[in-house]
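Structure assessment
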Amino acid sequence: MSNGSSEYALQMVHIEKYFGLVCALKDINIQVGRNEIVGLIGDNGAGKSTFVKILTGVHRPTSGELYVAGRKVDLRTYSVRRAHGYGIETVYQDKSLGEKQVLWRNFFIGRQITLPFGFINVKKEKAVAQEIMMNTIGFRGRGITVDSKVNKLSGGERQGVAIGRAMHFEAELIVLDEPTVALSLKEVNKVINFVHKIKEGGKACVYISHSIADVYEVSDRFIIMDRGEIVGDIKKEDTSLKDLDAFLLEYSHGLRDQKE
Amino acid sequence: MTQLRTLIRFLSRIEGLAVAGVLALLYVVFITTSPEVFLKPRIYTSFMQTISPQLILALGLTFVITAGEIDLSFPAVVALAGFVFVWSYQNFDMWWGPWAGLALAMLVGAGVGYINGVLVAIIGVPSIMATLAAQFFWYGVTVLVADGKSIALTGIREEPIYDLFVGRIHGILPDQRGVPVGIPTQAVWALGLTILLWLILNRHKFGEAVMFIGDNANVARVMGINVEATKIRLFMMMGVIAAFAGVLLTLDINVFFPTQGEGYLLPVMAAVFIGGTSFAGGVGIIVGTFFGAYIIGSLEAGVVASGISGYWVQLVKGIVMGASVVINILIGQGRMAAFNERMRHWGLPIGGPSIAAPPPTDSPT
């Protein structure tokens, strides 16, 4: 899938998106390293959703270029299904798993391991799903097996399954779209642990959130968006949670505008 | 205690066990009340004959309901397919006439299903409305093309197609006072279809797509399933199955009549729901449908044979249906799987409650 020549999992060059005359994204330039976790932070209306939708093929940008692992994405034919082919896997807030279905089906839905005539190789799928559960995402205990139904899992565990699935399919880039919005604090911690596994697994990740607290611990770098523009691109070692918080607060209160 | 739990875990893997239990119980009651009828094989071969078309329809409908849709048009397809078959049989006066009739009937069924599928998946008409309209329309078409008349299939009993689909298999059941009792072949076809459709639902990509679409079409879509194409194929499959059932029925009773299949809608739906398939979609239980169809189909004859007045038939049907559905819900979506979980709820403490999924709203920008 990857040609290995690029040092970046993702590059966005001059991406712009207009809805009619309204500019939703303005001159977005982003690079994400091959094993880098980038926290993309922004308040409501910052353009995070538009960003995700362009990245995952839901919307087409008005202009600009997109590269995944050095491969240029043909934006005219880009779609949700093509995104998988390029190696972009997305974990959504709520629509990643079929709740009444067993875990092993959820790992392989849309990409089944098949026998002739389209029949599913259940034995193999279960074995691989078991492997992902135990080794890739480190699911332990609580009586959850590959035969468990998703609605038996907690919210955090569900996101763990979705992340594990993304890692198994050799994603170049895993996009986490507000994966913790509806979760309790305890479950948020579980998700954070799963994100650590992405780093350990050598993958790249864009973690989109409106809350700095969620992304701070796991991210290597922070990109801050405000009203369709990137207003900050800060490495973790150059900042602290407190500074970052203050920076964000300035934007959310419009203080920056007043200063200038 | 451990042994009990192992036993329950073992039983929980058996699909449709509860419904099978209801059917067994029903037959025990029938045997007790009228042993002279229910201890002889004839009543059972009669069941196999009359229930098979309904069972075949119910198998197809199980798929449709699993996908979270409904098809009310299948009774009309039963009629239309019957006409197409008879027409072909009469007009192609060759050995291949009836075979062409079967093929044409199934083609017409697929066509009706395709139109249903396009209305539902592409145009976005709710399936209950689209297929209700389709039912009226295709019955109307059938009455028009048949000129409102019944048509007898003279000479069909001599054709090999008759033996293949609705003949009798002798030599398995014992003779009754010198009269051989044969197993109706349509029961074998229905059983074969049950196995095939179980495999397709539970072991094939198509079945998995159907389950995920019924569960959550958005998830199915982002995971790369072509939701629209799958739904169209689903309705086409239902159309073909309904056409096959229609041809079986016409062959079996040796006559086509333009209102045939009209009484099937509710019993067939009842069979699916008794079997434990959830109206909410996402879960389909083929084995349950199999036993459900036999429960529904056996009730009338059984109640009458028991010597109770025929006036009681509807009431008993209602009780058995209600009880089956309640049992299914109590033990969890028609499977014993949740029963084990429930045992733990009653007895042992289990982990914290799982967090309900958030409502499907778009995340704020």
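Residues numbered from 1 in each chain as written. Chains lettered and ligands numbered in written order. Predicted model: local features only at pLDDT ≥ 70, side-chain atom pairs only at ≥ 80, totals over all residues.

Points about the sheet that holds strand S5 (residues 71–72) of chain A
Residues and elements named next belong to chain A.
- The four strands are arranged S2-S1-S4-S5 in an open sheet whose pairing can be described as antiparallel. A strand with exactly one partner marks an edge of an open sheet, and here the two such strands are strand S2 (22–33) and S5.
- As paired elements, strand S1 (residues 8–19) and S2 share eight bridges and run antiparallel to each other. Across the sheet, methionine 12 pairs through a bridge with isoleucine 30, a residue of S2. (Pairing = 2+ DSSP bridges. Helix = DSSP H or I, 4+ residues; strand = E, 2+ residues; numbered from the N terminus.)

Quick notes on the sheet that holds strand S9 (residues 221–226) of chain A
Residues and elements named next belong to chain A.
- A sheet is described by the order of its strands in space; here six strands give the open sequence S6-S7-S8-S3-S9-S10, paired in mixed fashion. Each having just a single partner strand, strand S6 (88–91) and strand S10 (229–235) make up the two edges of the open sheet. The mean inter-strand angle of the sheet, taken between neighbouring strand axes irrespective of direction, is 20°.
- Summarising the sheet, S6 and strand S7 (residues 173–177) pair through four bridges and their orientation is parallel. Of the residues in S7, the one forming a bridge with threonine 90 is valine 175.
- The sheet contacts of helix H5 (residues 155–168) involve S6 and S7, and relative to S6 the element is tilted by about 180°. (Axes fitted to C-alpha atoms, helices over the stretch in contact; angles between N-to-C directions. Contact = placed C-beta atoms within 7 Å.)

What about the confidence of the model for chain B?
Residues and elements named next belong to chain B.
- Residues at a pLDDT of 70 or more form 88% of chain B, whose mean pLDDT is 86.
- Confidence over residues 333–365 falls short of pLDDT 50; this stretch has 62 contacts with residues more than four positions distant or in other chains.
- With a pTM of 0.86, the predicted complex shows an ipTM of 0.84. (pLDDT = per-residue confidence, 0-100.)

A word on the packing of helix H13 (residues 265–274) of chain B against helix H14 (residues 286–305) of chain B
Residues and elements named next belong to chain B.
- One can describe the packing of H13 onto H14 by two numbers: an axis separation of 7 Å at closest approach and a directional angle of 130°. The pairing of H13 with H14 is recorded here as oblique in orientation. Crossing of H13 against H14: the hand is right-handed. Two secondary-structure elements touch here, H13 through Pro267, Ala270, Ala271, Val272 and Ile274 and H14 through Thr289, Gly292, Ala293, Ile295 and Ile296.
- For the contact of H13 with H14, the residue count by class is eight nonpolar, two polar and no charged. (Parallel < 35°, antiparallel > 145°, perpendicular 65-115°, else oblique. Left-handed = near helix turned anticlockwise from the far one by under 90°. Nonpolar A, V, L, I, M, F, W, Y, C, P; charged D, E, K, R; others polar.)

Looking at the packing of helix H4 (residues 41–66) of chain B against H14(B)
Residue and element names in this part refer to chain B.
- Put simply, H4 and H14 touch, their axes get as near as 8 Å, and they point 135° apart. Our classification of the angle between H4 and H14 gives oblique. Relative to H14, H4 is oriented so that their crossing is right-handed. Every residue of H14 that contacts H4 at Ile43, Phe47, Thr50, Ile51, Gln54, Leu55, Ala58, Leu59 and Thr62 is listed here: Ile286, Thr289, Phe290, Gly292, Ala293, Tyr294, Gly297, Ser298 and Ala301.
- Grouping the constituent residues of the contact of H4 with H14 by class yields 11 nonpolar, seven polar and no charged.

A word on unusual backbone geometry
Residue and element names in this part refer to chain A.
- For histidine 14, which is not glycine, the phi dihedral falls at a positive 50°.
- Its place among the elements puts histidine 14 in strand S1.
- Phi at alanine 69 takes a positive value of approximately 50°, unusual for a residue other than glycine.
- As for its position among the elements, alanine 69 is in the loop between strand S4 (63–68) and S5.
- For alanine 69, a count of 22 C-beta atoms within 10 Å translates into the label buried. (Buried ≥ 20, exposed ≤ 12 C-beta atoms within 10 Å, placed from the backbone.)

A word on the interface of chain A and chain B
- Taken together, the contact pairs 41 residues of chain A with 26 residues of chain B.
- Looking at the side of chain A that touches chain B, the elements that each hand over two or more residues are helix H1 (48–55) and helix H2 (80–86) of chain A.
- Here the residues of the side of chain A that touches chain B sort into 11 nonpolar, 18 polar and 12 charged.

Re helix H2 (residues 17–33) of chain B
Residue and element names in this part refer to chain B.
- For H2, with 17 residues, the first-to-last C-alpha span of 24 Å sits near the 24 Å given by 1.5 Å per residue.
- Every buried residue of H2 is accounted for by Ala18, Val19, Val22, Leu23 and Phe30. Down the axis, H2 shows its buried residues gathered within 145° of arc, on one side only. Opposite the packed face of H2, turned more than 90 degrees from it, sit the exposed residues Ala24, Val28 and Thr32.
- Considering only its buried residues, H2 is in contact with helix H3 (35–38), H13, H14 and helix H15 (313–330). (Expected span 1.5 Å × (residues − 1). Arc of directions from axis to C-beta.)

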